[in-house]
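In case you want the letters, here they are:
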Amino acid sequence: MLGGRVELLWLHKPGSTNDWIWCVVVTGPVAMATDPLAEAGFYFDELNKLRVLEPDVSQKTSELKEECKEFVDKIGQFQKIVGGLIELVDELAKEAETEKMKAIGARNLLTSVAKQREAQQQQLQALIAEKKVQLERYRIEYEALSKVESEQNEFIDQFILQK
């Protein structure tokens, strides 16, 4: 623009009660290379609708909107996958805890059985020692009785020989 002025007016559309239109008024000399609407920040899109954003910015905004939608969809899918993974890990943790408790129970049972066997072994060793003492006592008693028997047999033999 070479010194002219661009004005935008909001005008009532003739013959309509509720429709309003934008009107661009250019005053002064205007160079042909410049677009007065573009200088005012207004642009026409491919459907010839008046826009406030530049077409490039509008296109990039639309692309960004689509990318954001795709990103949100991917995040949703990721959350579903992670949710499934968390459920799976929780189930595995519960199973591991159950198996851990079983293993602890089995270990405690083995320890208890081992202690019972040790106690039983000690009882049997005490019984063996008692039986050895009893055997020794019976052996000594046997020897004493054998001696008495031999003495008595000798006495009987002498008594028979004397008669």
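For the structure, check the block above.
Residues numbered from 1 in each chain as written. Predicted model: local features only at pLDDT ≥ 70, side-chain atom pairs only at ≥ 80, totals over all residues. Heavy atoms only, no water.

S.K.: Just to check I follow, could you spell out the overall build of the protein for this structure?
M.R.: Across its full length, the protein carries two helices and four strands. Counting only residues that meet the buried cut, the protein has 5% of its 163 residues in that class. Considering only contacts within the protein whose residues lie at least 6 apart along the sequence, 26% involve residues at least 24 apart. Summed over its atoms, the accessible surface of the protein is roughly 14,600 Å², and 60% of this surface lies on carbon and sulfur atoms. (Helix = DSSP H or I, 4+ residues; strand = E, 2+ residues; numbered from the N terminus. Buried < 20%, exposed > 50% of the residue type's maximum accessible area, 1.4 Å probe, protein only. Contact = heavy atoms within 4.5 Å. Areas by Shrake-Rupley, 256 points an atom, 1.4 Å probe, with all protein chains shown as cover.)

S.K.: Just checking my understanding: could you explain the packing of aromatic side chains for this structure?
M.R.: The description of two aromatic rings rests on the distance between their centres and on the angle between their planes. Within the structure shown, the criterion is met by one aromatic pair. Summarising the aromatic geometry, the rings of Phe 155 and Phe 159 are spaced 6.3 Å apart at their centres and angled 20 degrees between planes, so their arrangement reads as stacked. Taken together, the residues span about one helical turn, with Phe 155 and Phe 159 both in helix α2 (residues 55-162) at a distance of four residues. Over the aromatic face of Tyr 138 sits the side chain of Arg 137, whose NZ or CZ is 5.4 Å from the ring centroid. (Phe/Tyr/Trp six-rings, centres within 6.5 Å; stacked < 30°, edge-to-face > 60°. Lys NZ or Arg CZ within 6 Å of the ring centre and 35° of its normal.)

S.K.: Please clarify how the pattern of salt bridges should be interpreted in this entry.
M.R.: One side chain can pair with another of opposite charge once the charged atoms of both are near each other. Overall, the coordinates contain three salt bridges when judged by the stated rule. In this structure, Glu 99 engages Lys 102 in a salt bridge whose closest nitrogen and oxygen atoms are separated by 3.6 Å. Remark: Lys 102 and Glu 99 occur in helix α2; sequence separation between them is three residues, near one turn of the helix. Through salt bridges with shared partners, one network takes in Glu 136, Arg 139 and Glu 143. (Salt bridge = Lys/Arg side-chain N within 4 Å of Asp/Glu carboxyl O.)

S.K.: Honestly, a nonpolar patch on the surface in this entry has me stumped. Any pointers?
M.R.: A cluster of nonpolar residues, Leu 85, Leu 88, Val 89 and Leu 92, forms a patch on the protein surface that exposes about 360 Å² of accessible area. Here Leu 92 lies in helix α2. (Patch = residues over 30% accessible without salt bridge, like charges linked within 9 Å, V, L, I, M, F, W, Y side chains within 5 Å.)

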